[in-house]
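# Overview (structure and organization)
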Amino acid sequence: MLSLFKFKGGVKPQTNKAQSVSEPIAMAPLPSRLFVPLHQSIGGTPQPLVEAGQRVLKGQRIGAADGWISAAVHAPTSGTVRAVAEHVAAHPSGLTSLSVEIEPDGRDEWCERTPIDHGALAPEAVRERLREAGVVGLGGAVFPTHGKLTASKTVPMEELVINGAECEPFITCDDLLMRERAEEVIRGVGVFRDLLQPKRVLIGIEDNKPEAVAALQAAVAKLGENFAVVAVPTLYPAGGAKQLIRVLTGKEVPSTKRSTDLGVQCFNVATAYTAWRAVAHGEPVVSRIVTLTGNVERPRNWEALLGTPLSEFVALGAPKPDTDGYLMGGPMMGFAMPAMDAPLVKATNCIIASSPALFPAKAPEMPCIRCGECAKVCPHELQPFELYWFARAKNFGKTQEYHIFDCIECGCCSFVCPSRIPLVQYFRFAKSEIWAREKEKNAADQAKARFEWKTERDEREKAEKAEKLAKAAAAQAAKKAAEAAAAAAAAAAAAAAAPGDAGAETPAAPVDAEAAKKAAIAAAIERARAQREAAAPKNTEQLTPAQQREIAAVDALRQQAGIEPPPAAPEEPKP
Amino acid sequence: MLTAIAIMALGAVVLGAALGYASIKFRVEGDPLVEKIEAILPQTQCGQCGYPGCRPYAEAINKGEADINLCPPGGMEGVQRLAELLGREAKPLEAEEKPKAVAFIDEQTCIGCTLCIQACPVDAIVGAAKQMHTIIDDLCTGCELCVPPCPVECITMEPIGENLDNWKWKYPVIELKKVA
C-alpha cells in the first residue's frame with residue numbers, strides 16, 4: 001500500500017456532490033445555435049478556417065492551431081457556418097471573443113475520422129495528433145496537452161500523476177466519467193505513459209468517490225496495467241496539481257520550478273479520456289461532460305457540445321424560479337457567467353444555478369483582525385493577510401516579495417476569513433495589474449530601443465550624405481581647376497601655333513567633340529539595356545500558370561498603353 | 001611628535017590612494033538619475049512635452065529646466081511616480097489625458113508618400129514610395145507624430161478598447177446597498 005503525504009492547509013467545504021451523481025451521463029440534445037470561440041485554451045489564438053455560409057461536418061477543423069502552444073478547434077456538429085464574428089465569451093469580463101457561429105443541420109454527420117496506432121508512430125506524430133485534435137487540459141487550466149507530453153531531457157520521468165480528485169464542491173463530471181468510461185480513461189493514461197515513460201503511474205481520486213475508485217481499479221486490472229489507483233483524503237484543494245503531487249509522491253514543487261523539473265507530470269482524467277478518443281477513434285474534442293447542478297429541478301451530468309449557449313443548456317435542468325445567475329466552475333474558484341448566450345467551452349466543467357438561498361449574499365467586508373486563519377489554510381503556505389494589505393494599498397512590489405504569483409486562487413483564505421474579506425479578488429486584481437505593468441514596461445523598452453536605433457540611423461545617413469556632398473564638391477572643384485589648367489594650356493598652345501593654321505583647325509575640334517559625346521550617349525544606352533536584360537527578376541522563377549497568365553495580361557496592357565515596347569521585338573539601334 | 005606626524009601622513013597617503021583608486025574603479029557613467037527618470041517615462045517619443053524624445057525630456061527634468069507634468073501619455077500616474085522619485089510636488093497634468101490609441105492608415109486613401117514613415121519615431125510604419133503604407137500596431141506607441149505630415153489625412157488614431165488580452169481584474173469595491 002502506497003503511503004500518502006499531506007499538504008499544508010486546506011479546507012473542508014460542504015461537498016454538495018450527491019445531487020448530481022444519481023443519474024448517468026446523458027447526451028445533451030442539439031442546440032439551435034452553437035457559438036464556438038476560437039480561443040479556448042492557453043496559447044496562441046487559432047486562426048479561423050471557415051467563413052460564413054460554408055457547410056461544415058462534425059469534427060471538421062474550424063480553427064488552426066497558431067504556434068506550438070495552441071490547440072485546434074473543431075465544429076461540434078454538422079451544419080452551416082452563419083458567421084465568424086465576435087460573441088460574448090465565457091469569461092468574467094463579459095467581453096467578446098472571435099467565435100464561429102454554426103447552425104446545426106440536425107444530421108450530426110461526422111467528417112472522416114482516422115484512428116492512429118500510437119504505439120507504431122513516433123512520439124512527435126502522436127503529439128501532433130493531439131494538437132490537431134484540440135486536446136487540452138480539461139481540469140480547468142486548458143493548457144494544450146501535447147505541450148506537456150515531452151519528457152525532460154535532463155530529469156528522468158519518475159511519476160505520472162493522473163488527477164481524478166475533483167475537490168471542488170458541486171462538480172461531479174470527472175466522477176461520472178470515471179464510473180462510466182473507466183476503460184477509455186485508463187487507455188488514455190496508457191497513451192500518456194507510452195509518451196513519457198515514467199517509472200510509476202499514480203491515479204489520485206478523493207475518497208468520497210468510492211465508485212470511481214472501484215471502476216478505475218477494475219479497468220486497470222482488466223487491461224493488465226500496473227497503474228496505482230489511490231484514494232486520497234477529501235480535503236479542498238487536493239485536486240490542485242501541486243497539492244495532488246505532494247499527496248501522492250511527497251514531492252513539493254518549489255515556487256520557481258515546474259513539476260517536470262522534479263520528474264513529475266500531471267493530467268486530468270477527462271484529458272486522458274479525450275486523448276484516447278483522439279488517438280483511437282480520430283475524434284477531436286467537440287464535446288465535454290458538464291455538471292448542471294445547484295438550484296435546478298434535475299441536476300445531472302450532460303455530455304454537451306462545445307459552443308452550446310448557456311440558456312439552452314440550463315433549460316435541460318429546469319432551473320427553479322428563484323435562480324438569479326449561473327456560475328461556471330465550482331463555488332470556490334468559479335465565476336458568474338456574464339450572459340445567457342455565453343457558450344460552454346473546453347474549460348466548462350460545471351454550471352451551478354445560484355439562488356439567494358443557495359449562496360446567500362455575503363455581509364459587508366470588515367477590517368482584517370490579523371487572526372491568521374487565512375495563513376493556516378493556505379495550501380501554498382503564503383501569508384494572505386500580508387498580501388491583502390499590500391494588494392489593497394496597491395503596493396505591487398511588496399506583493400511580489402510575498403510571492404503573490406504562487407497563489408493558485410483556490411479561495412481557501414476567503415472561505416475562512418471571519419471578516420469576509422474577498423481576499424482572492426484582491427490577489428487577482430494585484431496579479432493582473434502586475435502583468436499589465438510588465439507588458440507596458442516591455443513595450444516601452446522596445447519602443448526605446450527602436451527609437452534609439454532610428455535616431456542612430458538618421459544621424460548616420462546625415463553624416464554619409466554630408467560626406468558625399470563634400471566629396472562631390474571637392475571633385476567639382478578639382479575638375480574645374482583641371483579644366484582651367486587645360487584651357488590655359490590650350491590657349492598657350494594656340495598662341496604658340498602659327499596664326500595661319502588656326503583658321504583651318506578650329507572648326508574641326510567642336511565637330512569632333514559633339515560626335516564623341518553622341519557616341520558616349522549611345523554606348524551608355526546600350527550598356528543600360530544589356531544590364532536590364534541580364535538582370536532577371538528574382539520573383540518570377542516559380543510561378544503558377546495562373547500567375548503567369550496574369551503577368552502576360554498585364555504586359556499586354558502595358559504594351560497597348562505604350563508604356564513598354566513589345567519584349568520580343570528587338571529594339572532598333574538608336575542613331 | 002615626529003612619529004605622530006609620520007603616522008598621520010602615512011594614513012593620509014594610504015587613504016588618498018584608496019579614494020583615488022575607487023573614484024576610477026567605481027566611476028559612474030552618465031547620470032543615474034536621468035536613467036531613473038527615463039525609466040518612468042512611457043517611451044512614446046511623441047515630443048508632446050516639447051522635447052525631441054523621452055531622453056531629452058528626462059535630461060531637462062534632471063537639470064531642473066522642465067516641469068514633471070508635461071508628459072500626457074504617462075498620465076497622472078507618471079507624474080506621481082516622478083514626484084516620488086524627485087521629491088517634488090505632484091502637479092496636475094498640463095494637457096488632457098487621452099485613452100491609449102494606435103494609429104490607423106486608411107489604405108484606400110493612402111497615396112504612398114512616405115512622409116509618415118519618416119515621421120514615425122519607432123519605425124512602426126511599413127511601406128514604400130507609391131505603395132500604400134500600414135501600421136504595425138504592436139509597435140505603435142500612439143505618439144500621433146504621423147498624423148500631421150499626412151497630405152491626404154488618411155491617418156486616424158484608433159483608441160484601444162478593452163479586450164480579453166488587456167482586461168484586468170478590478171479593484172474590489174464594497175457594494176453599497178440602499179437603506180430604506
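Values in this document were obtained by computation on a predicted structure and should not be read as measured data. (Residues numbered from 1 in each chain as written. Chains lettered and ligands numbered in written order. Predicted model: local features only at pLDDT ≥ 70, side-chain atom pairs only at ≥ 80, totals over all residues. Heavy atoms only, no water.)

The next point concerns the packing of helix α2 (residues 32-40) of chain B against helix α3 (residues 54-63) of chain B. Residues and elements named next belong to chain B. Following both chains from N to C, one finds α2 and α3 inclined at 125 degrees, their axes separated by 9 Å at the closest point. It follows from the interaxial angle that α2 and α3 lie oblique. The chirality of how α2 crosses α3 is right-handed. Between α2 and α3, the contacting residues are Leu 33, Val 34, Glu 35, Ile 37 and Glu 38 on the first element and Cys 54, Arg 55, Ala 58, Glu 59, Ile 61 and Asn 62 on the second. Broken down by class, the residue content of the contact of α2 with α3 amounts to 6 nonpolar, 1 polar and 4 charged. (Axes fitted to C-alpha atoms, helices over the stretch in contact; angles between N-to-C directions. Helix = DSSP H or I, 4+ residues; strand = E, 2+ residues; numbered from the N terminus. Parallel < 35°, antiparallel > 145°, perpendicular 65-115°, else oblique. Left-handed = near helix turned anticlockwise from the far one by under 90°. Contact = heavy atoms within 4.5 Å. Nonpolar A, V, L, I, M, F, W, Y, C, P; charged D, E, K, R; others polar.)

The next point concerns the interface of chain A and chain B. Each partner contributes to the interface: chain A provides 32 residues, whereas chain B provides 28 residues. Of the roughly 2,600 Å² buried between chain A and chain B, counting both surfaces, carbon and sulfur atoms make up 61%. Our count for the contact surface shared by chain A and chain B stands at 4 salt bridges. With a closest N to O distance of 3.4 Å, Glu 433 of chain A and Lys 168 of chain B form a salt bridge. If you look at where chain A meets chain B, you find 12 residue pairs in polar contact (both at pLDDT 80 or more). Within the residue set of the side of chain A that touches chain B, elements represented by two or more residues are β8 (96-104), α9 (384-392) and α12 (423-496) of chain A. (Buried area = accessible area lost by both parts, 1.4 Å probe. Salt bridge = Lys/Arg side-chain N within 4 Å of Asp/Glu carboxyl O. Polar contact = N/O pair within 3.5 Å; in protein donor to acceptor, adjacent residues only side chain to side chain.)

The subject of this paragraph is the sheet that holds strand β7 (residues 79-88) of chain A. All names here are of chain A. Read from one edge of the open sheet, 4 strands run β2-β8-β7-β4, paired in antiparallel fashion. Since the sheet does not close on itself, it has two edges, and those belong to β2 (34-37) and β4 (55-56), each with one partner. Pairing of β4 with β7 involves 2 bridges; the strand directions are antiparallel. Bridge pairing in β7 places Arg 55 opposite Thr 80. (Pairing = 2+ DSSP bridges.)

In this section: the pairing of strand β10 (residues 200-206) of chain A. Residues and elements named next belong to chain A. Of all 7 residues in β10, 6 are buried, a share of seventy percent or more. Judged from the 5 bridges that link them, strand β9 (residues 159-163) and β10 form a sheet pairing that is parallel. The residue of β10 that forms the bridge with Val 161 is Leu 202. The pairing of β10 with strand β11 (residues 228-232) spans 5 bridges and is classified as parallel. Note on β11: the bridge partner recorded for Leu 202 is Ala 228. A crossover links β10 with its parallel partner β11, the connecting element being helix α4 (residues 210-223), and its sense is right-handed. (Buried < 20%, exposed > 50% of the residue type's maximum accessible area, 1.4 Å probe, protein only. Right-handed = clockwise from strand over helix to strand, strands pointing away.)

This part covers the confidence of the model for chain A. Residue and element names in this part refer to chain A. Residues with a pLDDT of 70 or more make up 94% of chain A, whose mean pLDDT is 89. Note that pLDDT drops below 50 for residues 501-508; the model gives that stretch 0 contacts with residues more than four away or on any other chain. Segment residues 569-575: pLDDT under 50, and 3 contacts once partners within four positions in sequence are set aside and those in other chains are kept. (pLDDT = per-residue confidence, 0-100.)

Residue and element names in this part refer to chain A. Counting buried positions along strand β13 (residues 287-294) yields 7 of 8 residues, so the element is predominantly enclosed. Across 6 bridges, the pairing between β13 and strand β14 (residues 300-305) is antiparallel. Each residue of the ladder has a partner; that of Ile 289, found in β14, is Glu 303.

All names here are of chain A. One finds Ile 162, Leu 216, Phe 313 and Ile 351 to be the most contacted residues of the largest nonpolar core, which totals 77 residues. Non-local contacts of Ile 162, meaning those with residues more than four positions away in its chain, are made with Val 189, Phe 192, Val 201, Leu 202, Ile 203, Gly 204, Leu 244, Phe 267 and Val 269. Among the nonpolar cores identified, the runner-up in size contains 21 residues, and Cys 378, Phe 385, Phe 396 and Tyr 426 belong to it. (Core = buried A, V, L, I, M, F, W, Y, C linked by side-chain atoms within 4.5 Å.)

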